[in-house]
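# Overview (structure and organization)
Single-letter residue listing:
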2 protein chains.
Amino acid sequence: MTRDTSAVTEAYPFLPLSRDGLVDRVAHSLVNAILSGAIRPGERLAESQIARQMDLSRAPVREALRLLESSGLVEYRANRGFFVHVISATSIRELYELRIVIETAAVRALTETNPGALPGLRAQMAELHRLADEDAEMMAHVSADMQFHRLICEGSGNRRFLQVFDQISNETKLGLLVIGRLYDDAHRMAETHEPIIAAIAAGDADAAAAAIAYHIGVAKDLVTAHIEAQQQQEAGRT
Amino acid sequence: MTRDTSAVTEAYPFLPLSRDGLVDRVAHSLVNAILSGAIRPGERLAESQIARQMDLSRAPVREALRLLESSGLVEYRANRGFFVHVISATSIRELYELRIVIETAAVRALTETNPGALPGLRAQMAELHRLADEDAEMMAHVSADMQFHRLICEGSGNRRFLQVFDQISNETKLGLLVIGRLYDDAHRMAETHEPIIAAIAAGDADAAAAAIAYHIGVAKDLVTAHIEAQQQQEAGRT
DNA sequence: GTTTTGTCGGCTGTCGACAATCTTCTTGAC
DNA sequence: GTCAAGAAGATTGTCGACAGCCGACAAAAC
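A few points on the structure.

Conventions adopted
- Residues numbered from 1 in each chain as written.
- Chains lettered and ligands numbered in written order.
- Predicted model: local features only at pLDDT ≥ 70, side-chain atom pairs only at ≥ 80, totals over all residues.
- Heavy atoms only, no water.
- Contact = heavy atoms within 4.5 Å.
- Buried area = accessible area lost by both parts, 1.4 Å probe.
- Salt bridge = Lys/Arg side-chain N within 4 Å of Asp/Glu carboxyl O.
- Polar contact = N/O pair within 3.5 Å; in protein donor to acceptor, adjacent residues only side chain to side chain.
- Helix = DSSP H or I, 4+ residues; strand = E, 2+ residues; numbered from the N terminus.
- Nonpolar A, V, L, I, M, F, W, Y, C, P; charged D, E, K, R; others polar.
- Pairing = 2+ DSSP bridges.
- 1 Å grid on protein atoms, 1.4 Å probe; cavity = no way out; pocket = protein on both sides within 12 Å on 5 of 7 lines; lining within 4 Å.
- Points joined across faces, edges and corners; volume = space filled by probe spheres on them.
- Near = heavy atom within 4 Å.
- Least-squares fit on C-alpha atoms with pLDDT ≥ 70 in both.
- Phe/Tyr/Trp six-rings, centres within 6.5 Å; stacked < 30°, edge-to-face > 60°.
- Buried < 20%, exposed > 50% of the residue type's maximum accessible area, 1.4 Å probe, protein only.
- Lys NZ or Arg CZ within 6 Å of the ring centre and 35° of its normal.

### A short note on the interface of chain A and chain B
The interface is formed by 23 residues belonging to chain A together with 23 residues belonging to chain B. Both sides of the chain A and chain B interface together cover about 2,100 Å² of buried area, and 47% of this is carbon and sulfur. The largest contributions to the chain A side of the interface with chain B come from Glu63, Glu94 and Arg160 of chain A, which together make up 31% of the buried area. Linking chain A to chain B there are 8 salt bridges. Linking Arg160 of chain B and Glu171 of chain A is a salt bridge whose minimum nitrogen-to-oxygen distance equals 3.0 Å. The tally of links from chain A across to chain B stands at 13 residue pairs in polar contact (both at pLDDT 80 or more). Elements with a minimum of two residues in the side of chain A that touches chain B: helix H3 (58–70), helix H4 (89–113) and helix H7 (159–178) of chain A. When residues of the side of chain A that touches chain B are assigned to their parent elements, the largest contribution, 9 residues, is made by H4 of chain A. Residue composition of the side of chain A that touches chain B, by class: 8 nonpolar, 6 polar and 9 charged.

The structure is reproduced here in structure tokens:
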């Protein structure tokens, strides 16, 4: 073992250097561009153009795009290239229904087997309120909210739940960002997480499952309604 | 639409030429090699070697491998390349728990909203029994079994359920194939699907959910027990 | 004998180029 | 004026090449 970084006696105070390759950096850059709205849904993502702008060859760009494809942010059509995924109301509704199924199971497992996850969840709640105080940007709110739900999946102990959650989280964010603003009062939005935490703290798995199903269900209705309205608006404009 | 293959009047008896690109063909070839056991778990998949053997460049091979990575068949380590995924008992248990969650929700939706899916499920049952009569190969049984469950996800109406199912189906197959043989009597194995169909036919969503959860739960216990035994055996041999 | 250092073969990461394919624009016929 | 066919331009699909990185073994130092 020449490379055991967890060795008890660390000879030198060096942190491991970030080994992120080009592909990861390109992927990050693209995710940011899409989630920030700089690139709009439906828009074409020409690998040659991206490569030229980033001043590198097409190979890493192509791989990064394939990566984004598997997270649902980007769509690939054979011989046509990549396009930013266009979200439909149906697709988002189905996404939220999947989330209900996954997170319900996750919170149940967490409540029954891992109450030690509570402090982390409470801390994330505090972060949500802090952001509300600061009147932070939409993106920050969305990320913090998603992180709360991610902690639940992580705390379930089943890595598959987390894997599915991570796979759809970017798409969820995209859906939220497309509609702009959800709650007028960010504090009230944060508070809707309370019943979940209370049920976990009480050790009541059924109540926790019901609470999170309700919580996500409300979000589902809000988001799909928004998107349906937007789609109708767009259809009318055409 | 210059390419409507479903045209009513077919002028010539030509089958549509497979428009699958190189990448898809390479991916298929690799999946077969892995699921047939020709390449063992843990083995290295050197893109250069594969490319040489298939007589093409590394680019399509690399893309195919990235594709397999997202379906969990293959693992990627930076600067080291691709390796066939090694399945652990824990990982398989978590996989089956995810399947229970997804398919329970799917069968519930199917029962409540899409009883029209029943004939297809019954046909697939018949196929299972036919294979049992013919004493077919393990791989054929496994595929037919998975197809039954896929039909349930498909019939749920939620494309996300199907998406998740497809993503993990290859890994599930790999797990089943690694252990060799499961049931001594293939007919009995086929029959364990009966209660699910009966519940759907009766329109009882709760019963259908319970039936499929039980069905998958049994498989989970069998498979994890097998794999645990195998792992212990291997550990002892070292 | 054990640990560190140097070397080597093989593989991945990235590149630029060419061929195949699609899209768009133009042209021409009706 | 509309539609179809063809040409031009741009983009993807695939390729072969080269530099950098990795793991393994050999050599050297202690």
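Still more to cover.
### Considerations on the pairing of strand S2 (residues 74–77) of chain B
Residue and element names in this part refer to chain B. Here S2 runs beside strand S3 (residues 81–84); their pairing, made up of 4 bridges, is antiparallel. Bridge pairing in S3 links Val74 to Val84. In textbook terms, the turn of a hairpin is the stretch between consecutive antiparallel strands, and for S2 and S3 this stretch comprises 3 residues, one of which, Asn79, has a positive phi near 65°.

### Let's talk about the layout of surface pockets
Taken as a whole, the second largest pocket holds about 560 Å³ of empty space. Among the elements of the structure, H4 of chain A together with helix H4 (89–113) of chain B are those that each provide at least two residues to the lining of the second largest pocket. The residue makeup of the lining of the second largest pocket, split by class, is 10 nonpolar, 7 polar and 7 charged.

### Some words on the protein's contact with DNA strand D
The environment of DNA strand D is formed by 22 residues, the closest being Arg19, Arg58, Arg62 and Tyr76 of chain A together with Ser57 of chain B. Each atom of DNA strand D within 4 Å of the protein belongs either to a base or to sugar and phosphate, the latter forming 76%. Between DNA strand D and Gln49 of chain A, the relevant distance is 3.0 Å, taken from a phosphate oxygen to a side-chain nitrogen or oxygen of the residue. Within the backbone of Ser57 of chain B, an N or O atom sits 2.8 Å from a phosphate oxygen of DNA strand D. Broken down by secondary-structure element, the contributors of at least two residues to the surface near DNA strand D are helix H2 (47–54) and H3 of chain A together with helix H1 (22–35) and helix H3 (58–70) of chain B.

### Description of the sheet that holds S3 of chain B
Residues and elements named next belong to chain B. With antiparallel pairing, 3 strands are arranged side by side in an open sheet as S1-S3-S2. The open sheet has two edge strands, strand S1 (44–45) and S2, and neither has a second partner. In terms of strand pairing, S1 meets S3 through 2 bridges, oriented antiparallel. Looking across to S3, one finds that Leu45 is bridged to Phe82.

### Focus: the protein's contact with DNA strand C
Every one of the 23 residues lining DNA strand C counts as a neighbour, but Leu22, Ser57 and Arg80 of chain A together with Arg62 and Tyr76 of chain B are closest to it. Here, DNA strand C places atoms within 4 Å of the protein, and 73% of those atoms are sugar or phosphate. Of all elements in the fold, only helix H1 (22–35) and H3 of chain A together with S1, helix H2 (47–54) and H3 of chain B reach the threshold of two or more residues within the surface near DNA strand C. For the surface near DNA strand C, the class distribution of residues is 8 nonpolar, 6 polar and 9 charged.

### Side note on the relation of the copies chain A and chain B
The operation relating chain A to chain B is a screw motion whose rotation component is 180°, with 0.0 Å of axial translation and a residual RMSD of 0.1 Å. Between the two chains, the operation in question is that of a two-fold axis. Looking at the interface residues of chain A, 96% of them are also at the interface in chain B, so both copies use one shared face.

### Describing the sheet that holds strand S3 (residues 81–84) of chain A
The strand order across the open sheet formed by 3 strands is S1-S3-S2 (chain A), and the pairing between neighbours is antiparallel. The sheet is open, and its two edges are formed by strand S1 (44–45) and strand S2 (74–77) of chain A, each paired on a single side.

### With respect to the packing of aromatic side chains
Residues and elements named next belong to chain A. If you walk through the whole model with that rule in mind, you get 2 aromatic pairs over all chains. Between Tyr76 and Phe82, the aromatic rings sit 4.8 Å apart at their centres with planes inclined by 45°, giving tilted as the arrangement. Judged by its relative accessible area of 28%, Tyr76 is partly exposed. Here the basic side chain of Arg77 rests over the ring of Phe83, its NZ or CZ set 4.0 Å away from the ring centre.

### With respect to empty space enclosed by the protein
Inspection of the entire model under this criterion finds 3 cavities of 30 Å³ or more. In this structure, the largest cavity occupies an estimated 40 Å³ of space. Contributing to the lining of the largest cavity are Leu98, Val164, Gln167 and Ile168 of chain A together with Gln163, Val164 and Gln167 of chain B. Where the lining of the largest cavity is concerned, the elements lending two or more residues are H7 of chain A together with helix H7 (159–178) of chain B. A breakdown of the residues in the lining of the largest cavity according to their chemical character gives 4 nonpolar, 3 polar and no charged.

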